[in-house]
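Residues per chain, in single letters:
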Amino acid sequence: MTKSLVTGGAGFIGSHLVETCLAHGHEVIVLDNLSTGKKENLPAGQTGLQFVEGDITDRQILHQIAGAHPDIDYVFHLAALVSVPQAMAEPARAHAVNFDGTLLLMETFRGSALKKFIFASSSAVYGDTKTVPVPETAATQPVSTYGADKLMAEHYLRIYNDAFNLPFVACRFFNVFGERQDPSSPYSGVISIFFDRALACRNGEREPLVIYGDGQQTRDFIYVGDVANALVFLAESGAVRGTVFNLGYGKQTTVAELARKIMKLVGVDCDVEFQEPRAGDIRYSAADISQLHTTQFAFAYSLDQGLQLLWRCLKGM
Ligand code: NAD
Ligand code: UD1
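No experiment lies behind these values; they were computed from the predicted model shown. Every chain is numbered on its own, with residues counted from 1 as its sequence reads. Naming scheme: in the order in which they are written, chains are lettered from A and ligands are numbered from 1. For a predicted model such as this one, the threshold for reporting local features is a pLDDT of at least 70, and the threshold for listing and counting side-chain atom pairs is 80 or more; totals across whole chains, interfaces and linings nevertheless cover every residue. Heavy atoms from the whole structure form the basis of all side-chain values; hydrogens and water molecules are not counted.

Caption draft 1: Expanded view of the side chain of Lys150. Secondary structure is summarised from DSSP: a helix means a run of H or I of at least four residues, a strand means a run of E of at least two, and numbering begins at the N terminus for each. Positionally, Lys150 belongs in helix H5 (residues 145–164). Only protein chains enter the accessibility calculation, which uses a 1.4 Å probe; a residue whose area is less than 20% of its type maximum is buried, one above 50% is exposed, and one in between is partly exposed. Positive charges come from Lys and Arg alone, negative charges from Asp and Glu alone, with His and the N- and C-terminal ends not counted. By salt bridge we mean one thing: a side-chain nitrogen of Lys or Arg within 4 Å of a carboxyl oxygen of Asp or Glu. An unpaired buried charge is present at Lys150: no salt bridge exists, and Glu154, the closest side chain of opposite charge, is 8.7 Å distant. Here, two residues are considered to be in contact whenever any of their heavy atoms come within 4.5 Å of each other. Ignoring sequence-local partners within four residues, the contact set of Lys150 consists of Ala80, Phe119, Ala120, Ser121, Ser122 and Val125.

Caption draft 2: How the structure looks around the packing of aromatic side chains. Here is the rule: rings of Phe, Tyr and Trp (six-membered ring for Trp) pair when centre to centre is within 6.5 Å. Planes less than 30 degrees apart are stacked, more than 60 are edge-to-face, and the remainder are tilted. Enumeration according to the criterion identifies ten aromatic pairs in this entry. Seen from their ring centres, Phe99 and Tyr156 are 4.9 Å apart, and the 75 degrees between their planes marks the pair as edge-to-face. Of this pair, Phe99 sits in helix H4 (residues 91–108) while Tyr156 sits in helix H5, placing them 57 residues apart in sequence. The exposure class of Phe99 is buried, given its relative accessible area of 6%. Residue Tyr156 is classed as partly exposed on the basis of its relative accessible area of 30%.

Caption draft 3: Here's a closer look at the site of ligand 2. By nearness alone, 19 residues border ligand 2, and Ser123, Val190, Val210, Arg219 and Asp281 come closest of all. Residue Arg219 places a side-chain N or O atom 2.6 Å away from an oxygen atom belonging to ligand 2. Shrake-Rupley sampling with a 1.4 Å probe provides the accessible areas, and residues are treated as covered by the protein chains on show and by no other component. Burial of ligand 2 by the surrounding chains reaches 85%, relative to a free accessible area of 730 Å². Looking at the shell around ligand 2, its residues break down into eleven nonpolar, five polar and three charged. Note on definitions. A residue lies near a molecule or strand when any single heavy atom of the residue is within 4 Å of it. Nitrogen and oxygen atoms within 3.5 Å of one another constitute a polar contact, given that in protein one can donate a hydrogen and the other can accept it, and given that sequence-neighbouring residues count only through two side-chain atoms. Polar here means any residue outside two lists: the nonpolar Ala, Val, Leu, Ile, Met, Phe, Trp, Tyr, Cys and Pro, and the charged Asp, Glu, Lys and Arg; Gly therefore counts as polar.

Caption draft 4: Quick peek at the sheet that holds strand E6 (residues 168–173). Spatially, E3-E2-E1-E4-E5-E6-E11 is the arrangement adopted by the seven strands of the open sheet, whose pairing is parallel. Here the strands that pair on one side only, and so sit at the sheet edges, are strand E3 (49–53) and strand E11 (243–247). Sheet twist, expressed as the average angle between the axes of neighbouring strands with direction ignored, equals 20 degrees. Here five bridges tie E6 to E11, and the two strands are oriented parallel to one another. Of the residues in E11, the one forming a bridge with Cys171 is Phe245. To get an axis, a line is fitted to the C-alpha atoms, and for a helix only the part in contact is used. The angle between two axes follows their N-to-C directions and goes from 0 to 180 degrees. Together, strand E5 (116–122), E6 and E11 form the strand contacts of H5, whose direction differs from that of E5 by roughly 155 degrees. Whether two strands pair comes down to DSSP finding at least two bridges between them.

Caption draft 5: Structural detail: the domain arrangement of the protein. Where each domain starts and ends comes from a domain assignment, either automatic or drawn from a database. Under the domain assignment, the protein is made up of domain 1 (3–176 + 221–247) and domain 2 (178–219 + 251–286 + 301–315). In this structure, domain 1 and domain 2 have C-alpha centres spaced 26 Å apart. Taken together, the contact pairs 20 residues of domain 1 with 21 residues of domain 2. Each of two parts loses accessible area, computed with a 1.4 Å probe, when they are put together; buried area is these two losses added. Taking both sides of the interface into account, the surface hidden between domain 1 and domain 2 amounts to around 1,800 Å²; carbon and sulfur atoms contribute 59%. Where domain 1 touches domain 2, the interface holds one salt bridge. The partner of Arg180 in a salt bridge is Glu19, and the shortest N-O contact between them spans 3.2 Å. The interface formed by domain 1 and domain 2 holds eight residue pairs in polar contact (both at pLDDT 80 or more) in total. Looking at the side of domain 1 that touches domain 2 residue by residue, the classes come out as ten nonpolar, seven polar and three charged.

Caption draft 6: Structural context of unusual backbone geometry. The linkage connecting Val132 with the following residue, Pro133, adopts the cis geometry, with an omega of -5 degrees. One can find Pro133 in the loop between E5 and H5. Positive phi outside glycine occurs at Leu34, with the angle close to 60 degrees. Judged by relative accessible area, which is 25%, Leu34 ranks as partly exposed.

Caption draft 7: Seen up close, the packing of helix H1 (residues 12–23) against helix H7 (residues 224–236). Axis separation between H1 and H7 bottoms out at 9 Å; the angle between their running directions is 55 degrees. Between H1 and H7, the interaxial angle falls into the category oblique. In the packing of H1 onto H7, the handedness of the crossing is right-handed. Where H1 approaches H7, its residues Phe12, Ile13, His16, Leu17, Thr20 and Cys21 are matched on the opposing element by Val224, Val227, Ala228, Asn229, Leu231 and Val232. Among the residues forming the contact of H1 with H7, the class breakdown is nine nonpolar, three polar and no charged. Angular relationships are summarised with four words: roughly parallel below 35 degrees, roughly antiparallel beyond 145, roughly perpendicular across 65 to 115, and oblique for the angles in between. Helix crossings fall into two classes, left-handed where the near helix is turned counterclockwise from the far one by less than a right angle and right-handed where it is turned clockwise.

Caption draft 8: Structural context of the packing of helix H8 (residues 255–266) against helix H10 (residues 303–315). Across the interface, H8 lies against H10 with an axial gap of 11 Å and an inter-helix angle of 40 degrees. Taken as axis vectors, H8 and H10 run oblique relative to one another. Handedness of the H8/H10 crossing: right-handed. Of H10, the residues touching H8 (which contributes Lys261, Ile262, Leu265 and Val266) are Leu303, Asp304, Leu307, Gln308 and Trp311. Grouping the amino acids of the contact of H8 with H10 by side-chain chemistry returns six nonpolar, one polar and two charged.

Caption draft 9: Fine view of the site of ligand 1. If you check the shell around ligand 1, you find 28 residues, and the closest are Phe12, Asp32, Thr36, Leu78 and Tyr146. Contact distances for ligand 1 include 3.1 Å between an oxygen atom and a backbone N or O atom of Ser35. Within the side chain of Asp55, an N or O atom sits 2.9 Å from a nitrogen atom of ligand 1. Against a free-state accessible area of 820 Å², the protein chains account for coverage of 91% of ligand 1. Put simply, the parts of the chain that give the shell around ligand 1 at least two residues each are H1, E5, H5 and strand E7 (175–177). Per-element tally for the shell around ligand 1: the top contributor is E5, with three residues. For the shell around ligand 1, the residue count by class is 15 nonpolar, ten polar and three charged.

Have a look at this one:
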C-alpha cells in the first residue's frame, strides 16, 4: 500500500490533499501543529488516516515518524507559516518554519527509500515580475521573506535531488481558493473574503465589499481540488522528478470581475468601496503552465466551476 506523509494536512489545501490521497488508496499520516489548521478539517474516524500533532521544526517527532514508518513513499510538505505580512513582521520565526523546517524534513528522509518529496512552493518566488504569464524559467526575485524562504527551499531540494538522490517536485501555487479557506483575517484569500461579504450583504448587513486599487489587477485563481489532484498526479508519475511546476490555470481574472462573479452567484448587489491599493500589491499575475502541459495531467475544474462548488458548500452551512 502507498504511504504518504502530509505536513500541514489539517490546513486548507492540506486537508483537500489528504482526501485525494485517501481516494487514491494511500495510507496517510498527517503532521500538523494546528497553528492555523483544524482537526475538524480532516475526515473523522477514517481508516488509513493517522493524525500526529507536532511541529515540523521538532527533530524528535520527525525521527519518530520516519522510524515508525520506514515505508513512507511520498512526503507532501505543505506546513508553513503562510501569512506574508507575518513573515515580514517576524522573518526569523518564519524562516525557522518555512526554510529550517523544510530542511529538517529533507534531512530526515535523506538516504531513505522515499519515492518523492513534493513541496508546496509559491508564485511569490517571482516577486513583481513583468513577465505575464510567467514561466518557471523567469528570473526569481522575491519581494517577501516568505517568497525568499520558498525559493531557498527549492534550491536545497534540487541539491538533495542531485547530490543525495532524494527525488523532488516543487509546485509554485498561484492563488488557490475553495472550501475551508478561512476568511477571517484581512490577509485571507480575496475569494473567501468576497464570499464572506456577499453573504453578509445577503443577510442584510451593510458592510461594503472592498476593492483595493482600481480592481483591474489580475490574479490566476485555481480551485483547490485541482491543486490536490495535481500534487498526487505529480507524486505518482514516476517519470517526473527534479522539476518545478507552476500551478495555476494560466488565466487572468481582474479583481473587479471576480467581485461581479461572486455577487452574481450569491444573488446580491452589495456596495463596493474602492480603497487605496495595498502596499506591495502585484499588478498582474498568471502562470505559464506549458511545463505542466508536458505531463498527462488534466484539470477537472475551472474558475467558474470552483466558484460554484464553493458557493454550494457555503449555502449549505
Ligand atoms: P494553511 O494555513 O491553511 O495551512 C498550513 C498548515 O500548516 C496549517 O494546518 C498549520 O496548522 C500547519 N503548520 C504551520 N506551521 C507548522 C509547523 N511549524 N509544524 C507543523 N504544522 C504547521 O495554508 P494553506 O493555504 O493551506 O497553505 C498550504 C501550503 O501552500 C503552504 O506551504 C503555503 O505556503 C502554500 N501556498 C498557498 C497558497 C494559497 O493560495 N493558499 C499560495 C501559494 C503557496
Ligand atoms: C497571494 C497569496 C500570497 C502570495 C501572493 C504571490 C493568498 C491569501 N495570498 O497574494 O501568499 O505571496 O499571492 O503570489 O493566497 N483584494 C481586494 N479586496 C480584498 C482582499 C484582496 O481587492 O478584500 C485584492 C488584493 O489587493 C489583491 C487581490 O485582491 O490585488 C488578491 O489578493 P489576495 O487574495 O490577498 O492574494 P495576493 O495578494 O495575490
